[in-house]
Amino acid sequence: MNNFDFFAPTEVIFGRDAQEKTGTQARKFGARKVMLVTGGGSVVRSGLLRQVEDSLTKEGIPFVEFAGARPNPTLVHACEGIRKAVNEHVDMIIAVGGGSTIDTAKAIAHGTANPDHELWDIWTRKVALEKSLPIGAVLTIPAAGSEMSDSAVLTNEEIGKKSGINTPFNRCRFAIMNPEVAFTLPDQQLAAGITDIMMHTMERYFIPGVKCDLTDEIAEGLLRTVIKNGRILMKDKNNYDAMAEIMWAGSLSHNNLTECGRGKDFSVHKLGHALSARYDVTHGASLSAVWGSWAQYLYMDAKGRFAQYAERVWQVQEDDTESAAAEGIKRTIAFFREIGMPVSLKELGVNVSEQEIHALALDATMNDTAKLSRIRPLNAEDVAAIYRMALK
Ligand code: NZQ
Ligand code: ZN
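Residues numbered from 1 in each chain as written. Chains lettered and ligands numbered in written order. Predicted model: local features only at pLDDT ≥ 70, side-chain atom pairs only at ≥ 80, totals over all residues. Heavy atoms only, no water.

## Considering the site of ligand 1
- Around ligand 1, 33 residues are found, and the nearest of them are Gly40, Ser42, Ser100, Ser149 and His200.
- Contact distances for ligand 1 include 2.7 Å between an oxygen atom and a backbone N or O atom of Gly99.
- Within the side chain of Thr184, an N or O atom sits 2.7 Å from a nitrogen atom of ligand 1.
- Protein contacts shield 90% of the accessible area of ligand 1, which totals 960 Å² for the unbound molecule.
- Secondary structure elements with two or more residues in the shell around ligand 1: helix H5 (99-113), strand E6 (151-156), helix H7 (187-202) and helix H10 (267-279).
- Taken together, the residues that form the shell around ligand 1 break down as 11 nonpolar, 19 polar and three charged.
- Two domains each donate at least three residues to the shell around ligand 1, and these are domain 1 (11-181) and domain 2 (184-390). (Near = heavy atom within 4 Å. Polar contact = N/O pair within 3.5 Å; in protein donor to acceptor, adjacent residues only side chain to side chain. Areas by Shrake-Rupley, 256 points an atom, 1.4 Å probe, with all protein chains shown as cover. Helix = DSSP H or I, 4+ residues; strand = E, 2+ residues; numbered from the N terminus. Nonpolar A, V, L, I, M, F, W, Y, C, P; charged D, E, K, R; others polar. Domains from an automatic or database assignment.)

## A few points about the environment of Ala192
- Structurally, the position occupied by Ala192 is in helix H7.
- Residue Ala192 is classed as buried on the basis of its relative accessible area, which comes to 5%.
- Each C-alpha atom, one on Ala192 and one on Phe336, is 9.2 Å from the other, the two residues being 144 residues apart in sequence.
- Leaving out residues up to four positions away in the same chain, Ala192 has contacts with Thr282, Gly284 and Met341. (Buried < 20%, exposed > 50% of the residue type's maximum accessible area, 1.4 Å probe, protein only. Contact = heavy atoms within 4.5 Å.)

## So, the packing of helix H4 (residues 75-88) against H5
- Remark: H4 packs on H5, axes separated minimally by 8 Å, with the N-to-C direction vectors making an angle of 50°. If you check the angle between H4 and H5, you find them oblique. Of the two elements, H4 crosses H5, and the hand of that crossing is right-handed. Contacts from His77, Ala78, Gly81, Ile82, Ala85 and Val86 in H4 reach Thr104, Ala107, Ile108, Gly111 and Thr112 in H5.
- Its residues placed into classes, the contact of H4 with H5 shows six nonpolar, five polar and no charged. (Axes fitted to C-alpha atoms, helices over the stretch in contact; angles between N-to-C directions. Parallel < 35°, antiparallel > 145°, perpendicular 65-115°, else oblique. Left-handed = near helix turned anticlockwise from the far one by under 90°.)

## Remarks on a nonpolar patch on the surface
- On the surface, Met1, Phe4 and Phe6 cluster together into a nonpolar patch covering about 330 Å² of accessible area.
- With respect to the helices, strands and loops of the structure, Phe6 is situated in the segment before strand E1 (11-14).
- You can call Phe6 partly exposed: its relative accessible area is 40%. (Patch = residues over 30% accessible without salt bridge, like charges linked within 9 Å, V, L, I, M, F, W, Y side chains within 5 Å. Salt bridge = Lys/Arg side-chain N within 4 Å of Asp/Glu carboxyl O.)

## Side note on the nonpolar core
- Ranked by internal contacts, the top residues of the largest apolar core, which has 110 residues, are Ile93, Met198, Trp291, Trp294, Phe306 and Tyr387.
- Counting residues domain by domain, this core receives three or more from each of domain 1 (11-181) and domain 2 (184-390).
- With residues up to four places along the chain from it excluded, the contact list for Met198 reads Leu223, Val226, Ile227, Trp314, Phe335 and Phe336.
- If you look at the next biggest cluster of nonpolar residues, it comprises 19 residues, including Val34, Leu48, Leu49 and Met92. (Core = buried A, V, L, I, M, F, W, Y, C linked by side-chain atoms within 4.5 Å.)

## A look at the state of the cysteines
- Applying the stated criterion across every chain, the model contains zero disulfides.
- There is no disulfide at Cys172, and the cysteine sulfur nearest it, in Cys260, is 19 Å away.
- By relative accessible area, Cys172 is classed as buried at 1%.
- Of all cysteine sulfurs, the one in Cys212 lies closest to Cys260, which takes part in no disulfide; the gap is 8.6 Å.
- On the accessibility criterion, Cys260 (10% relative accessible area) is buried. (Disulfide = S-S within 2.5 Å.)

## With respect to the coordination of the zinc ion (ligand 2)
- For the zinc ion (ligand 2), every protein donor is listed as Asp196 (OD), His200 (NE2), His269 (NE2) and His283 (NE2), and the spread of their distances is 2.0 to 2.2 Å.
- Here the donor residues of the zinc ion (ligand 2) are spaced in sequence according to D-x3-H-x68-H-x13-H. Note that His200 is positioned in helix H7 and His269 in helix H10, a separation of 69 residues in sequence. (Donors = N, O, S within 2.8 Å, 3.2 Å for Na, K, Ca; no water.)

## Comments concerning the domain arrangement of the protein
- Each assigned domain of the protein is listed with its residue range as follows: domain 1 (11-181) and domain 2 (184-390).
- Considering only the surface of domain 1 that becomes buried against domain 2, Pro142, Lys162 and Pro179 emerge as the three largest contributors, covering 25% of it.
- Linking domain 1 with domain 2 are two salt bridges.
- The shortest N-O distance in the salt bridge between Lys161 and Asp363 comes to 3.5 Å.
- The interface formed by domain 1 and domain 2 holds six residue pairs in polar contact (both at pLDDT 80 or more) in total.
- Within the residue set of the side of domain 1 that touches domain 2, elements represented by two or more residues are E1, E6 and strand E7 (161-166).
- Looking at the side of domain 1 that touches domain 2, the element that brings in the most residues is E7, giving three residues. (Buried area = accessible area lost by both parts, 1.4 Å probe.)

Here is the structure:
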């Protein structure tokens, strides 16, 4: 087991009616004026936003709203939010929504606390982030795990890049999670969320050569739980217990618990972000479309790890390691298909030329300067080969 730091400071308020505690949580963390950040309107239609507002009003905390965060949230929109937050003198940002809304809230918190700096300079670390505003989240979709993660992701449309920043300032002070609010999710978003949760766990799992029994067991148990309850939810979205399992798994998959002693890789996410930046595809779908090709490209270099995954997550029983490893990949792809996720670029609806594959590979590897994967280093040529395999 490698040395590690584990820091997951977010206070979680989980369960039915949890949103009614938003006001008391905001008060507890010192809010005097809040900005409520929302997305494209689902929280207005469901009535959740009104409940959150009522909860703040009950505590006597004034608030302003900033709507319009969209999937693959943009730098331009976040900057608009910063201008409003600065003008309104807010001192806490609360997101009511999914990963895109929470990431926008994080960006607004950083920009508002540092109004003399360009947000993209903070994002790209030209300027060190040394302070931010406290952030809270009222989660509406189990998926990105942003409610407990130390990361935030934005798209800079002007230069066609989607990238994230990892910092302790990205940790929400509190996360309000009521599984019932996710009952209104469209099937496609639910399936994309299930995929992302699995991916956050697998991106920390396929790292060979490190022995971490407990971390393995947590990751494998989390994956089995998501597969089992994901199947239930795809048939019955209003199943509270299944949604609760998935929502909690979403947070634990990305609060670093499943990387203790091993670390993380996130190469599939790099491939996915390059696709989302250029083609504006759903995050979870960008991952399922390339995961199978990524796994097939690499598994022979980590046969034992892939075989362990197959045996413990998918109950595969094969006589030899290589067949078990291959079968685990097959079953994962079949599961993505079963829940309606794309497993190729064609199914993702992205038709790319050889020239575009080359451009995507350069984006994913920062112009061939960053090596991806901890199984073996992948350069732009390797990444292009994976995209090519994913064409189907
Ligand atoms: O915008 P609204 O109207 O709210 O609709 C959203 C959106 O259209 C809808 N939705 C969410 N909750 C709903 C609902 N519709 C009905 N009922 C509900 N309860 O779902 C759509 C997707 O929302 P979004 O916030 O984009 O989903 P998700 O949580 O998957 O977030 C994806 C974003 O998070 C980033 C992704 O790259 C992507 O930009 N990620 C952030 C991470 C982090 N900060 O730690 C890690 C992830 O790996 C990921 O990169
Ligand atoms: Zn993700």
